[in-house]
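Chain and residue survey
As a plain string of letters, each chain reads:
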Amino acid sequence: MTWTISAPDETSRDRAGEEARLRAVWSNPPGWRYWTTVNNTQIGLWYCATAFAFMLFAGVLALLIRVQLATPRNDFLTAEVFNQVFTLHGTVMMFLFAVPIFEAIAIFLLPPMLGARELPFPRLSAFGFWSFLLGGVFVCGSIFFDAAPNAGWFMYPPLATDKAYSGIGADIWLLGLSFIEVASIAAAVELIVGIMKCRAPGMRINMMPLFAWYLLIVAGMILFAFPPLIAGDILFEMERMFDWPFFDAARGGDPLLWQHLFWIFGHPEVYIIFLPAIALMAMIVPTFARRPIVGYSWIVLAAVGTGFLSFGLWVHHMFTTGLPQISLAFFSAASEAVAIPTGVQIFVFIATMLAGRVLFTVPMLFGTGGLAIFIIGGLTGVMVALVPIDWQAHDTYFVVAHLHYVLIGGMLFPIVAGLYYYYPLVNARKLSDRLGKFAFWHMFVGFNVAFFPMHLSGLWGMPRRVFTYEEGTGLDVLNLTSTIGAFVFAAGVLIVVADVVRPKHRQPKEEFNPWNAGTLEWISEPEENWGVRSIPIIASRYPLWDQPELRAKINAGDFYLPDAREGYRETLVTSVLDAEPIQCLRVGGTSMLTILSAVALGGVFVATTFHWWVVAGVCGMVFIVAVWWWLWTGTGAIPEHVDKNVGLGLRLPLYVSGPASVGWWAMFITMVGDGTAFGSLIFGYFFYWTIHDDFTAGLPGPGWVWPSISLLLFLAAWVALIAARRANRAGSTGVTRLLLGLVLILDLSAAASALVGPTTTGMDRVVHVYPAIVWILLGWLVLHALVGALMIFYCAARSFRGLMNREHDGDLVNVVLYWHFLTITALTTLTVVGFFPALR
Amino acid sequence: MILTLPLIISCQGEQSTLNTAGSEAEDIAHLIVVTAAAGAIVWVCVVGLMLFAAARRGEPMAEQSAGLVIAWGGVVLPASLLFILLAYVLFSMPATRPWFEKSRADVEIEITGEQYWWRVRYLDERGNVLFENANEIRLPAGRKVRLLLRAHDVIHSFWLPSLAGKMDMIPGRTNILWLEPERVGIYRGPCTEFCGTSHTRMSMQALVLEPQAFASWVEEVSSARKSPADARAHGQEAFLQHGCGACHAIDGTAARGRLGPNLTRLFERDRIGAGASANDPSGRMAFVRNAGAIKPGALMPAFPEINESDLRAISDYLGAAR
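Quick caveat, the model's predicted, so the values are computed rather than measured.

Here is what the cut-offs are and how they apply
Residues numbered from 1 in each chain as written. Chains lettered and ligands numbered in written order. Predicted model: local features only at pLDDT ≥ 70, side-chain atom pairs only at ≥ 80, totals over all residues. Heavy atoms only, no water. Helix = DSSP H or I, 4+ residues; strand = E, 2+ residues; numbered from the N terminus. Buried < 20%, exposed > 50% of the residue type's maximum accessible area, 1.4 Å probe, protein only. Contact = heavy atoms within 4.5 Å. Lys, Arg positive; Asp, Glu negative; His and termini not counted. Charge placed at Lys NZ, Arg CZ, Asp CG, Glu CD. Rg over C-alpha atoms; globule rule 2.2 N^0.38 Å. Areas by Shrake-Rupley, 256 points an atom, 1.4 Å probe, with all protein chains shown as cover. Patch = residues over 30% accessible without salt bridge, like charges linked within 9 Å, V, L, I, M, F, W, Y side chains within 5 Å. Salt bridge = Lys/Arg side-chain N within 4 Å of Asp/Glu carboxyl O. Axes fitted to C-alpha atoms, helices over the stretch in contact; angles between N-to-C directions. Parallel < 35°, antiparallel > 145°, perpendicular 65-115°, else oblique. Left-handed = near helix turned anticlockwise from the far one by under 90°. Nonpolar A, V, L, I, M, F, W, Y, C, P; charged D, E, K, R; others polar. Pairing = 2+ DSSP bridges. Core = buried A, V, L, I, M, F, W, Y, C linked by side-chain atoms within 4.5 Å.

Quick look at the overall build of chain A
Looking only at helices and strands, one finds 25 helices and 4 strands in chain A. In terms of principal-axis extent, the alpha carbons of chain A reach across some 85 × 75 × 50 Å. Residues counted as buried form 67% of the 840 residues belonging to chain A. Taking as baseline every contact in chain A between residues at least 6 positions apart, the subset at least 24 positions apart corresponds to 81%. One finds the centroid of the 46 positive side-chain charges in chain A at a distance of 9 Å from the centroid of its 53 negative side-chain charges.

A short note on the overall build of chain B
Each helix and strand in chain B was counted, giving 8 helices and 12 strands. Relative to the globule expectation of 20 Å for 322 residues, the C-alpha radius of gyration of chain B, 26 Å, shows a markedly less compact shape. Referenced to the eigenvectors of the C-alpha coordinate spread, the extents of chain B come out at roughly 90 × 45 × 35 Å. Taking all 322 residues of chain B together, 56% fall into the buried category. Within chain B, residue pairs in contact and separated by at least 24 positions form 62% of the contacts whose partners lie at least 6 positions apart. Per element, the accessible surface of chain B, about 14,000 Å² overall, is 61% carbon and sulfur.

Comments concerning a nonpolar patch on the surface
Residues and elements named next belong to chain A. Residues L596, V614, V618, V622 and W629 make up a contiguous nonpolar surface patch of roughly 470 Å² in combined accessible area. Top contributing element to the nonpolar patch by residue count: helix α20 (residues 613–634), with 4 residues. Along the chain, V618 falls in helix α20.

Observations regarding the packing of helix α9 (residues 296–309) of chain A against helix α11 (residues 339–354) of chain A
Geometrically, a packed helix pair is captured by the angle between its two axes and the distance between the axes. Residues and elements named next belong to chain A. Orientation of α9 relative to α11, taken along the N-to-C sense of each, is 155°, at an axis distance of 8 Å. Considering the angle they form, α9 stands roughly antiparallel to α11. Regarding α9 and α11, the two cross each other, and that crossing is left-handed. From α9, W298, I299, A302, A303, T306 and L309 reach across to α11, where they touch P341, T342, V344, Q345, V348 and F349. For the contact of α9 with α11, the per-class residue count stands at 9 nonpolar, 3 polar and no charged.

Some details on the pairing of strand β9 (residues 185–190) of chain B
All names here are of chain B. With 5 of 6 residues buried, β9 is to be regarded as a mostly interior element. Two elements, β9 and strand β10 (residues 203–209), share 6 bridges in a ladder whose sense is antiparallel. Residue pairing in the sheet places R188 in a bridge with Q205 of β10.

Section: the nonpolar core
Among the nonpolar cores identified, the biggest contains 376 residues, and F211(A), F246(A) and F158(B) are the most heavily contacted of them. Counting residues per element, this core draws most heavily on helix α8 (residues 255–289) of chain A, at 24 residues. Look past the residues within four positions of F246(A) in its chain and what remains in contact with it is L235(A), M238(A), E239(A), G253(A), D254(A), Y688(A), V769(A), A772(A), I773(A) and I776(A). Counting residues in each nonpolar core, the second largest holds 19 residues, with A238(B), F239(B), I250(B) and I272(B) among its members.

Put into structure tokens, the structure is as follows:
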């Protein structure tokens, strides 16, 4: 450790005053303004409650499905309603429960677990939450207007692109979920930067709690998995709204491109859901085995391995599409390989239990019960990953059984385990042991009665997504059994809900750290909003076990940032690997802007769904203004001092720019996700090239002249911007502003000239997929150029208002980073559309 | 799981993957049974170990030994088992489903998925259409059959569980599937890619016949096409007069519609409307009256204006052998 530590200065301490000031700074606003809070504890709880509410809604849909299928030739639901119900069931469970619940838990747990006051972008979390809530209500609400999506959660074209069949429902799916994906990516940025940069001093990366490791991996996966779906959504919506034929085989498109993009998202998604649940287990098992985890490096490597492999499996959802067997064999092998890191993680838990003295509590009951279920799902996964078995099992109830064993055993049971385990952090009381056991046995037995028979009904020939079946096929008994089991399972879930909502004010409060856990999150006090009273120095993976007096010293304010003298919300930023303190970060506080921008962005998506272009435009303007205002007032403020004494004799700067700052990392991470979406569009271009002999279909391209001119202008703008950053650092304010003006002009002319080529050669987007994919790539580029222009304008404005100067150039450095990515996008796009057709 | 095995295998459904009547389905059924049994053993061992670990009292295991549990249980054993399994399956895969078109097909059939039925065309050696049928295929036992699978509107998936695994039908593509039926019988196959409102009401029937019987059926169908349909004059008249021929074809008559299923051989099918209801007079009459009530979302309009006697005549006409 390179930073110095000296004893706290006891003479001048006023502990009560410190606590009062901290409490005032971190408090939630009173009255209705409570809802404008951005504090992670509150946002995390709202997020959890909302995700659970969506889960219950989708669970009711599942029960409707089971009632309809209880008897053969039942007419409880019409075919039209049934198709909406199963589509929404899958969509809501995956997009509105399984992924968001972990972002929710992470936002709630991570700050105290990492020993941070707050994650670096609390307003971004709040924005993400409100986007999630609005988007979710929009998508779920559609079924009450008979307008829900009805083409399955996988939305295969051409069925889902057929407006006569899918109506407005498909647009609600595409736009509503794109909106929620924005929230997911916002959460991913928050989690990655938070885990990398906001750990307590001394918590080196190999000392991180396993939950943080898993969430870091999962957030990274979100960054690479969601953008391909967003790219797919864009192509899809362009086809639905403007008839650009990306998936229309008659005009050179191909429905399989959607399947690739969807499953490049969809398979990692399964592990995005599963890994955080294992992360909860990795926190619970050591506590109740009463020893540190055995094989810390094993489990971290296994989780990383699972994350990587999960991106190489997507074709196992497409084994029956007629792809060459050699590629099927490759993806089959990759799918089997992922069983190994999964097995390692399970055996790490078994080994920890063997090497410890196990206390079999309700969280352990749900955890091990869930694993017993999950292992069946894993084993049937090994079966269906074998290509020939998949040829039979694909799209049958066998797969329905498999995926529910994986997701309910590997995700829902661990979540409930986590609920029982972490509930004392919510209101200082435990949930009921008796109700917990009662709920567990209902859920465990009900689940198996419901889903085990589905293996058989699948092998006996029952396809998925059928609203009924014939009598006398042997399916009647199996389906009736499943329905009975489903209701028993639902009763179990209701008992859990009852246990959570029952009034507990008579129940005595628990002691501190009621399970005697070793990790830092148990330091958090439910009544306080500040995360930790003071930010400790960590020297162990299980600091509450290994560092005696830690709690007393934290709560006495003996560590960093025990006070909030200047009235700001402050937390420490540390280095990525060794967690050495490098900055005292002031994070954003309570604000209406988060709600305003979420509502405005929601307005854009909703209005676009109904083709209310004017409303969409107005909402878009409001969104831009709100975000501008948010950034202008909430970020990059020039502090009153250069540095600050954060306690223990350590002085840290209040302002940093470049890779040391959290803003730079957030930009970098966002742009990696953005680049992945762009890469998916480029993938689309070359996909069309591979499936056609002549993918231009003899149609004119944009030529090479205008793309070259545009490219030169983009490069010039990039060079000018780098020069502007240097000029600013050299203190030449005038030159900086002049150069920024030049960048603006070059950028806008570059964007305009990119569009000249295809316009002059008359490339008609509706005729064939080739012009359509060229236009979409250029459209993507131009949109990014326009956003880039806004950023340049912002920097210029900051410079004129004296908010950006020689020492405080974080905005400009982050914008330069954006422009590196923009330049790569321009280079790739313009080379591909301008020169590739000639090279063929 | 092990206890239920006899029950699973004894099942005799027309639509079951375990009631095999074709070589591919047989290979896969063996694989399913073997992997399910192996999986059951693995599950008992792992869950047993987990429960033992949770319940045991006394001296905890040393950390080093626990590490060995991870190495053996999590890596060495599963990796070896999976390697053997994968090697076996990947090497046997080309035999299960022919990879290249090594042999010439004895019969070639083009099947096109439409919302919500199957267009079936038997082809001759040069790929010309011999005759068209719908929603039913007849196959010779012990012969190699090559299917050309296409889609007209949206993605469908062709699946006869007793004969072979499934293959998708995708607009703009032609997928090939080989069948080698081995046992004479009647088998059913549902559409297995969600294809719209009446996806559930889209299934087909396969009749595996003795080669001799198959040959004479082909002979009969091909020749019947050349002779005009006989009497039932009233029914044929009504059929044409109400415009049925705009969408449906009956070979040898003026009805040459291409939009809907060819009805020439309707009389010999078990079910009508691609499995939607029984092929009896009341089933046929109800379907003609209002197909949408039986197959929601189907293209065929309702015909409230056809009077009872015409309706019955049409039904009799369609149900009569020709």
